[in-house]
Amino acid sequence: MNQEKCRVVWFNGELIPESEARISIYDSALMFGDMVFEMTRSFNKVQFRLREHLERLYSSIKYVRIPLEMSIDEMETHIYETIEANDPLFAADDEHRLMIDVSRGILSIYQGIVGTHKGPNVIIADFPLRWTVAGMGKLFDRGINAVITSQRAIPAQLLEPKVKNRSRIHYMMANIEVSQCEGENNWALLLDPDGFVAEGTGDNFFIVKDGVIITPEPRNILRGISRGYIFELAQKLSLSCIEKNIEPYDVITADEAFMTGTPFCILPVSSLNNIPIGNEPMGNITRQLLDTWSSGVGVNIVGQIKQWDSERGAQAAVGPSPYSFKPKI
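Counting from 1, residues in each chain are numbered in the order their sequence is written. Under the rules for a predicted model, residues below a pLDDT of 70 receive no local features and side-chain atom pairs below 80 are neither given nor counted, while totals for whole chains, interfaces and linings still include all residues. To obtain the side-chain values, all non-hydrogen atoms of the structure were included, while hydrogens and water were left out.

Trainee: Could you give an account of the nonpolar core, with specific residues and numbers?
Mentor: Membership of the largest hydrophobic core comes to 49 residues, with the highest contact counts inside it found for Met-136, Phe-205, Ile-213, Ile-230, Phe-264 and Trp-293. In this analysis, two residues are considered to be in contact whenever any of their non-hydrogen atoms come within 4.5 Å of each other. With residues up to four places along the chain from it excluded, the contact list for Met-136 reads Trp-187, Phe-264, Leu-267, Ile-305, Asp-309 and Tyr-323. To qualify as a nonpolar core, a set must consist of buried Ala, Val, Leu, Ile, Met, Phe, Trp, Tyr and Cys residues joined through side-chain atoms within 4.5 Å. Working definition: with a 1.4 Å probe on protein chains only, accessible area under 20% of the residue-type maximum means buried, over 50% means exposed, and in between means partly exposed. Trp-10, Leu-57, Met-70 and Ile-79 belong to the second-largest nonpolar core, a separate cluster that totals 20 residues.

This is the structure:
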């Protein structure tokens, strides 16, 4: 069965074929990147921290003043409608990766165009998580080489990073820069304007030093749902987890480092600009956090991703992704 033709998307009140879900060329999202969004995942097909994602989405909607009349409870209902409609098309070992986009809609000067939807657009897409994490299995063993880019994180006084928005050309430019480095495990790490570590291009960053888990202060970053969950896991393990300014020096001299993100949960960072961090790709505390996460959700996170890679030959797609830029040869 061809899943790409059969999956459906919740689009402004209707479930329509995924291939037919389109917004107008006159939409504010296309003109300004004026769209907020969330992306979630499931474990054993049960959504993880969905309400937290939706609360962050509605905070973003409020901040950018999109006049959406749909309540958060209505949004959650439509999400489950979409999952229910698509689940029969998913393999037994698939996970549901949701993409929830909300745009302001058609700009006023174009609203006289016949047949175009007026007002905000709400789009709920649902596709297999394995697409997003394709080829990542090997990173659990070798770790990421974090590369500090010349592209800096955009500070809150210019563009509020706590709003999860589609104005992300700075992420893409960082990924393009890193694509020029040799190797296949290079991921961008952005500094803020003061030279402190901020975040990756779709992931949050942590180091471990003397048994303490440290992550950048939240002023110039997206406050990730997975990032927040690390604090809970640390508490379960009786570990200290703090927010603090981190300099590149602190990363190089750390005992461990890792990235967090919804699709992969935790990935070890084994080096910074090819300078090794700690003594092994995945440190002991990073492994404890990942194992505790796996135990809590009833899924072997590493094993699941590696299994998907083995089924597809561990070949990641060529081209841009949220975490890298791989130009076609």
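What follows continues from the structure just given.
Trainee: Quick one: what's the story with the packing of helix α7 (residues 225–236) against helix α9 (residues 284–297), residue by residue and with numbers?
Mentor: The interhelical angle for the contact between α7 and α9, taken along N-to-C directions, is 95 degrees, at an axis separation of 10 Å. Classified by the angle between their axes, α7 and α9 sit roughly perpendicular to one another. Between α7, through Ser-226, Tyr-229, Ile-230, Leu-233 and Ala-234, and α9, the contact on the second element is made entirely by Leu-289, Thr-292 and Trp-293. Its residues assigned to classes, the contact of α7 with α9 comprises six nonpolar, two polar and no charged. Between N-to-C directions, angles span 0 to 180 degrees; the directions come from axes that are lines fitted to C-alpha atoms, helices contributing only their stretch in contact. Secondary structure elements follow DSSP: runs of H or I of four or more residues count as helices, runs of E of two or more count as strands, with numbering from the N terminus. Any angle that is under 35 degrees is reported as roughly parallel, and any over 145 degrees as roughly antiparallel; angles of 65 to 115 degrees are reported as roughly perpendicular and all others as oblique. Only Asp, Glu, Lys and Arg are considered charged, only Ala, Val, Leu, Ile, Met, Phe, Trp, Tyr, Cys and Pro nonpolar, and every remaining residue, Gly among them, polar.

Trainee: Run through the pairing of strand β11 (residues 204–209), naming residues and quoting values.
Mentor: Where burial is concerned, most of β11 is hidden: five out of the six residues are buried. Two strands pair if DSSP finds at least two bridges between them. Where β11 and strand β14 (residues 256–261) come together, five bridges link them in antiparallel fashion. Note on β14: the bridge partner recorded for Asn-204 is Thr-260. Of the strand pairs in this sheet, β11 and strand β12 (residues 212–215) are connected by three bridges, and their pairing is antiparallel. Bridging from a neighbouring strand, Ile-207 pairs with Ile-214 of β12. Counting the residues between successive antiparallel strands, the hairpin from β11 to β12 contains two residues, one of them, Asp-210, with a positive phi of roughly 50 degrees.

Trainee: So what's going on with the packing of aromatic side chains? Which residues, and what values?
Mentor: Pairing of aromatic rings covers Phe, Tyr and the six-membered ring of Trp, with a centre-to-centre limit of 6.5 Å; geometry is then stacked below 30 degrees between planes, edge-to-face above 60, and tilted otherwise. Scanning the entire structure with this criterion turns up 10 aromatic pairs. Through a chain of ring-to-ring contacts, the aromatic side chains of Phe-43, Phe-48, Tyr-229 and Trp-293 assemble into a single cluster. For a lysine, the NZ atom is tested; for an arginine, the CZ atom; a charge sits over a ring if that atom is within 6 Å of the ring centre and within 35 degrees of the ring normal. Here the guanidinium or amino end of Arg-166 rests over the ring plane of Phe-37, the centre of that ring lying 3.6 Å away.

Trainee: Tell me about unusual backbone geometry, and please be specific about residues and values.
Mentor: Unlike most non-glycine residues, Arg-49 shows phi in positive territory, near 55 degrees. Relative to the assigned elements, Arg-49 resides in the loop between β5 (46–47) and α3 (50–64).

Trainee: Which residues make up the pattern of salt bridges, and what are the values?
Mentor: Each salt bridge in this description consists of a side-chain nitrogen of Lys or Arg and a carboxyl oxygen of Asp or Glu lying within 4 Å of one another. If you walk through the whole model with that rule in mind, you get 17 salt bridges. The shortest N-O distance in the salt bridge between Arg-49 and Glu-232 comes to 2.7 Å. A residue pair is termed long-range when its members are at least 10 positions apart, and Arg-49 in the loop between β5 and α3 and Glu-232 in helix α7 qualify at 183 residues. In this structure, Asp-192 engages Arg-219 in a salt bridge whose closest nitrogen and oxygen atoms are separated by 3.7 Å. Of the two residues, Asp-192 is situated in the loop between β9 (186–191) and β10 (197–199) and Arg-219 in the loop between β12 and α7; the sequence distance between them amounts to 27 residues. For Asp-192, a relative accessible area of 3% corresponds to the buried category. Taken together, the shared-partner salt bridges connect Asp-93, Asp-94, Arg-130 and Glu-311 into one network.

Trainee: So, helix α4 (residues 72–86): which residues are in play, and what are the values?
Mentor: With 15 residues, α4 should cover 21 Å at 1.5 Å per step; its first-to-last C-alpha distance of 21 Å lies within 8% of that length. Among the residues of α4, Ile-72, Met-75, Glu-76, His-78, Ile-79, Thr-82, Ile-83 and Asn-86 are the ones counted as buried. Looking straight down α4, one finds its buried side chains confined to an arc of 165 degrees; they lie on one side. Looking at the buried residues of α4, the elements they touch are β1 (8–11), β2 (14–17), β5, α3, β6 (96–103) and β7 (121–128). How far a helix is expected to stretch is found by multiplying one less than its residue total by 1.5 Å. Taken from the helix axis, the directions to the C-beta atoms give the arc we talk about.

Trainee: Quick rundown of the sheet that holds strand β3 (residues 35–40)? Include the residues and the values.
Mentor: Strand order in the open sheet formed by five strands is β2-β1-β7-β6-β3, with antiparallel pairing between adjacent strands. Edge positions in the sheet fall to β2 and β3, since each of these pairs with one other strand and no more. Pairs of neighbouring strands in the sheet enclose a mean axial angle of 20 degrees, with direction left out of account. Relative to β2, β1 runs antiparallel, the two being bridged by four bridges.

Trainee: Can you tell me about the pairing of β14, naming the residues and giving the values?
Mentor: A large share of β14 lies buried, amounting to six of its six residues. Burial of β14 is two-sided: the residues Glu-256, Phe-258 and Thr-260 facing one way and the residues Ala-257, Met-259 and Gly-261 facing the other way are all buried. Here β14 runs beside strand β15 (residues 265–272); their pairing, made up of four bridges, is antiparallel. Residue pairing for β15: Met-259 is matched across the bridge by Leu-267. Hairpin remark: β14 followed by β15, antiparallel, with three residues in the connecting loop.

Trainee: I'd like a rundown of the environment of Cys-265, residues and numbers included.
Mentor: If you trace the backbone, Cys-265 turns up in strand β15. In this structure Cys-265 comes out as buried when scored by relative accessible area, which is 0%. Expressed as a C-alpha distance, the spacing of Cys-265 and Val-302, which sit 37 residues apart in the sequence, is 9.4 Å. Setting aside chain neighbours within four positions, we find Cys-265 in contact with Arg-41, Phe-43, Met-259, Thr-260, Trp-293 and Ile-301.

Trainee: Could you give an account of the side chain of Asn-165, with specific residues and numbers?
Mentor: In this fold, Asn-165 is placed in the loop between β8 (144–148) and α6 (169–178). Polar contacts, as used here, are pairs of N or O atoms within 3.5 Å; protein pairs need one atom able to donate a hydrogen and one able to accept it. Residues neighboring in sequence count only if both atoms are side-chain atoms. A distance of 2.9 Å separates a polar atom in the side chain of Asn-165 from the backbone oxygen of Val-163. Within the structure, the side chain of Asn-165 is placed 2.8 Å from the backbone nitrogen of Ser-167, a separation counted as a polar contact. Each residue touching Asn-165, except ones within four places of it in the same chain, is listed here: Met-35, Val-36, Phe-37, Leu-159 and Glu-160.

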